[in-house]
Every structure is written in C-alpha cells, then in structure tokens.
Amino acid sequence: MPEHVSILHLLGVAALAAAAVIWVAMLARVMRRDLPVHRRQFASLSRRGRILRGLPHQRHSAPHIEQVELTPAERDAFAVLVRRLSGGRS
C-alpha cells in the first residue's frame, strides 16, 4: 500500500469498483430479460392472468390529437398575447 494514499481514498476506490461491478451485473441481467425465451415466458404469464394489475395497459400508438376551435375574439386575444410576448416582432 502506498504511503501517501489515505485509507479513505482506498476505501472510496474499492466502493466505486464494487458499485461498477454491481451495475454491470444488473445491466447484463436487464439486457438478458429481452431475449426471445423470456418474452415467451412473459407472454404465457400474461395469458394466464398473472401479470401485475397495478400497471396500466401500455399503448402501442400515440394518443389522438385534440383540437379546439377558437372564437374570433379568442383568436384576437391570442394574437395580442403573442405580440406582447414577442416584443412587437412579427
């Protein structure tokens, strides 16, 4: 052990190294979950009704676009607001 390095520095390096090893192990585990074998297992669980009920159903597409028609007075008020916020620039 070098004489000029404190025990706290060595403990810090050891803790960071351990955290890095744990992170890599967890990352490998998460990446392995996406294998086709695991997808089939998850699909069979969901067919049997053993999925988590607390999670909402995931959408496969974006939500529909909502649109509201403005009255002429509202359009004028919005134009005034835009002019104020833009500092008079067009």
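Up top is the structure these notes are about.
All figures in this text were calculated on a predicted structure; none of them were measured in a lab.

**Details of the overall build of the protein chain**
A count of helical and extended segments in the protein chain gives three helices and zero strands. Ordered by position in the sequence, the α and β elements of the protein chain form the string α-α-α. Residue burial in the protein chain is summarised as follows: out of 90 residues, 1% are buried.

**As for the side chain of Ser86**
Here Ser86 lies in the segment after α3 (72-85). Looking at Ser86, the relative accessible area reads 16%, which means it is buried. A polar side-chain atom of Ser86 sits 3.2 Å from the main-chain carbonyl oxygen of Arg83.

**Some words on a nonpolar patch on the surface**
Taken together, the side chains of Ile7, Leu8, Leu10 and Leu11 define a hydrophobic patch exposed on the protein surface, amounting to about 400 Å² of accessible area. With respect to the helices and strands, Ile7 occurs in helix α1 (residues 7-32).

Each value, and the rule that gives it
- Residues numbered from 1 in each chain as written.
- Predicted model: local features only at pLDDT ≥ 70, side-chain atom pairs only at ≥ 80, totals over all residues.
- Heavy atoms only, no water.
- Helix = DSSP H or I, 4+ residues; strand = E, 2+ residues; numbered from the N terminus.
- Buried < 20%, exposed > 50% of the residue type's maximum accessible area, 1.4 Å probe, protein only.
- Polar contact = N/O pair within 3.5 Å; in protein donor to acceptor, adjacent residues only side chain to side chain.
- Patch = residues over 30% accessible without salt bridge, like charges linked within 9 Å, V, L, I, M, F, W, Y side chains within 5 Å.
- Areas by Shrake-Rupley, 256 points an atom, 1.4 Å probe, with all protein chains shown as cover.
- Salt bridge = Lys/Arg side-chain N within 4 Å of Asp/Glu carboxyl O.

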